[in-house]
Amino acid sequence: MANYRDILNYFRPYWKLSIFSITAASIYETLDLLLPYVIGQILNVLSNQPLDKPVQGIIFTVSNFTNYPINQTFSLVVLLGLIFIVTVIKAPTQPWLTSWFDWYIALKARREKSQKAIEKILTLPLEFYDENNPGRIAGRVSRGILNYTWGYPEIAGQFIPKIMRVVAIFLFIIFIEWRIALLFLISFVFIFSVIWKQIQYLIKCEVLVDKYMENTESRTSEIVTNIKTVKAYGTEFREIQRQNKRLEREKNVVIYRLHKAYVTLQTFQRTVVQFSVFMILGFTLAATVNGKISIGHFVVTLTLSSMAYAELEPISQLIESCSRRYSPIVRFNEFLETPLGLDGEGILDVENQIESPYKFTGKVEFSHVSFSYDSNRPVLQDINFLIEPYQTVALVGKSGSGKSTLIKLLLRYFEPNTGKILIDGEDICSFNVNKYRRRLAIVHQEVDIFNGTILDNLKYGRPDATFEEIKEACRIAKVNEVVEQLSQGYYTVVGERGVRLSGGQRQRLGIARALLVEPDVLIFDEATSSLDYESERAIQVAMHSIQGTRTTIIIAHRLSTVREADKIVVLDQGKIAEVGSHDELLRHEGIYHRLHSLQETGELIG
Ligand SMILES: Nc1ncnc2c1ncn2[C@@H]1O[C@H](COP(=O)(O)OP(=O)(O)OP(=O)(O)O)[C@@H](O)[C@H]1O
C-alpha cells in the first residue's frame, strides 16, 4: 500500500529547487507583514510615540549615511522607503522566484509520472488486463497524474508559505506583547487540532468516493466497449438504472458525508476565528489603555492577527484539497507498484530493441508441459508433441480444452508449472522474452486495428518494410485487392476515425502484418463463425500459400482449415487425446472423427 512517503518521493528529484522555491515563497509571504508593521510605526511617529529599537536603528543608519538630521519628516521618508522596498520592488520578482519554479517542478514531474504510467501500461502482464478494464485503468492514471500535478503548487507554493506566514505573525506578536501571543497560540492549536481530526474523517470519505467513482467509470467504459451486446439485448434501460444507482451512492457520500463534513468544518472555523479576533481586540485594547503597548502596536497587532486568522480558511481549504488529492495519488502509486509479470523485466531496455539476433528454424517441442492458472484446476497436463521446422500443425479440441493456453505458454505470457517448451532444442525461458517474441507472430481472432492508414497498420511490426514487401505480404494474405479497391489504397485511414473493415478483411490484414515481420513461427487463431464464406475461403487460400514457408500453428475452430495440416493435435480436457493427419485421425474414429461428423452436420466445435 502506497503512503505519504511515496508521495514525498515525488519531490525527491527536485528537492534543491523545491527548497529554494519554498524558501523564497515563505520569505515573500513574511515580507508582506512588514507593511502593517511599518504603518504602525508611522502612526507612532505621527502621534509622537517611541519607535521600536530596530526601526530607530534603521533610521539612525540612513541618517548617518545621508548626513540628514533625524526629525519627523526624515523618519516618515525612511519608513516610506521601507514600504516601497517591500511592496513595489517585491512585486515583479515574486512570480519568477516562486510560481515559476512551482510550475516548473510540477510540469516536469507530470511528464515523468506520465512516462512511468505508460511504461507500466506497456510492461504489465496480460492477466492484469483480464482483471482490470481500460476505463478503470485510464481513470486511475489520469486522476493520479492530475492530482500529482496540481498538488505540488498547492503545497509548495501556498500551503507551506502560508504556514510560515502564520508562524512569522506569531513571532511578531511575541515581540510586541507575549500574553496576546499566548492567546493567539492557544486559539490556533485548538482550531488546527479540530481541523486535523476532521481531515482524517474526510480522507476516509474521499477514499470511498474515489473507489465508487472508479467503479462507475469502469462500468461506463465496459458499456462503451460492449455497446453492441447492450443494444442487441436491449439492456440500455437496465444499464442506466444500474449506473444511476452507482451515481446515487456516490452522490450520497459526496453530499451527506463529504460536503457536510466540509461545511461543518467551515462553520466551526469561522465561529472560533471571530471569537478569537474579538478576544484579541479586547486584550490589545486593554494593553493599549494600560499603556503597555503603543497605538502603533495596537494597530499592528490587530492587523497581523486578523491577517493570520484570514489565512486559516485558505490553509484549511488547502488541507481539504490535499486530502482530496491523497486518495487518487495513492491509488495511482499502487498502480505504479503493481508487480510486473514474468516477462516484464527488461521489456523496455534499449539494448533489447535492436534487431533481434535470434533466428530459429522453427522446431518447436512441448515436453511434459503441465499448467494451471490457479492451483486448484489443471488446465494442461503432460503435453508432449513435436513440430518440425516449416510444418503446419493444427490444435483442435472443444472449447476450454486448453488450445489458447498452450499458445500463451509458447508466447511466454505464462510459464509451465512443470515441463519445458523448446525451440530449436533450447528452453524458451532461456531467451530474452522481448527478442524471442519478435521471432513469433500471432494473428488473433479479433485483429486490432490502430487508428491510422492501412500502411501504418501493416508496418506496425516492421516500420522499415518497403512498399514492395508490404504489397507482397498483402498478396499472400489475399488482401491486396481489397486494399487497392479503397479510394486511397494503402493510404486509406482505418480504425477509430477511418474506414470500417469487415472481420475477414481485418483478419487478412492481420496475416499480412504478421508475415511482414518474417516470423519463424506463425500462429493463427482462426476466427469462429464470424466470417462469411468468401472471407473464410480467402483466408484458407492465404493459409495454404503460407504453408511450408515457416512453422505454422493454427488454433482451428473449423475442421475444413486443418485438412491440409501436417499434423493435427487433438486436445481434450487439457490432455492430448489424439495426434495425426486428417486421414489418419478419421480412420482412428476417435474424438476428431466425432468432431468432424458434427461439423459435417453443421455444428461447430469451438
Ligand atoms: N486467464 C485465465 N485465468 C484462469 N483460467 C483461465 C484463464 N484463461 C483460460 N482459463 C481457463 O483455462 C481453460 C482452458 O482455456 P483456453 O482458453 O486455453 O481453452 P481453448 O481451448 O482455447 O478454448 P476456446 O476454443 O473456447 O478459445 C478454460 O477452462 C478456461 O476457463
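Residues numbered from 1 in each chain as written. Predicted model: local features only at pLDDT ≥ 70, side-chain atom pairs only at ≥ 80, totals over all residues.

The protein chain appears in an unreviewed UniProt entry as ABC transporter ATP-binding protein from Okeanomitos corallinicola TIOX110. Annotation of the protein chain in UniProt includes, under Subcellular location (unreviewed entry), the sentence "Cell membrane". (UniProt positions renumbered as here; feature names shortened; annotations may be inferred.)

Undergrad: I'd like a description of the domain arrangement of the protein chain, backed by residues and values.
TA: Under the domain assignment used here, the protein chain contains domain 1 (4-337) and domain 2 (360-439 + 561-606). Averaged C-alpha coordinates put domain 1 and domain 2 at centres separated by 62 Å. (Domains from an automatic or database assignment.)

Undergrad: Outline the site of the ligand, supporting the account with residue identities and numerical values.
TA: Taken together, 13 residues form the shell around the ligand, and within it Y373, S399, K403, S404 and T405 come nearest. Contributions of two or more residues to the shell around the ligand are made by α7 (126-131) and α13 (403-410). With three residues, the single largest contributor to the shell around the ligand is α13. (Near = placed C-beta within 6 Å. Helix = DSSP H or I, 4+ residues; strand = E, 2+ residues; numbered from the N terminus.)

Undergrad: Can you lay out the sheet that holds strand β4 (residues 418-423) for me, pointing to particular residues and giving the numbers?
TA: Here four strands make up an open sheet; going across it, the order is β2-β1-β4-β5 and the pairing antiparallel. Because the sheet does not close on itself, it has two edges, and the strands there are β2 (380-387) and β5 (426-427). Both β4 and β5 contribute to a ladder of two bridges, which runs antiparallel. Following the sheet pairing, L422 is matched in β5 by D427. (Pairing = 2+ DSSP bridges.)

Undergrad: Outline the pairing of strand β12 (residues 575-580), supporting the account with residue identities and numerical values.
TA: Bridge count between strand β11 (residues 567-572) and β12: five bridges; the pairing is antiparallel. When the sheet's bridge partners are listed, I568 is paired in β12 with G580. Counting the residues that bridge the hairpin from β11 to β12 gives two residues, and of these Q573 lies at a positive phi of roughly 50°.

Undergrad: Run through the nonpolar core, naming residues and quoting values.
TA: Membership of the largest hydrophobic core comes to 63 residues, with the highest contact counts inside it found for A394, L395, V396, A512 and I568. With six residues, helix α18 (residues 503-516) is the single largest residue contributor to this core. Ranked by size, the runner-up nonpolar core spans 38 residues in total, among them F172, I280, L304 and Y309. (Core = buried A, V, L, I, M, F, W, Y, C linked by C-beta atoms within 7 Å. Buried ≥ 20, exposed ≤ 12 C-beta atoms within 10 Å, placed from the backbone.)

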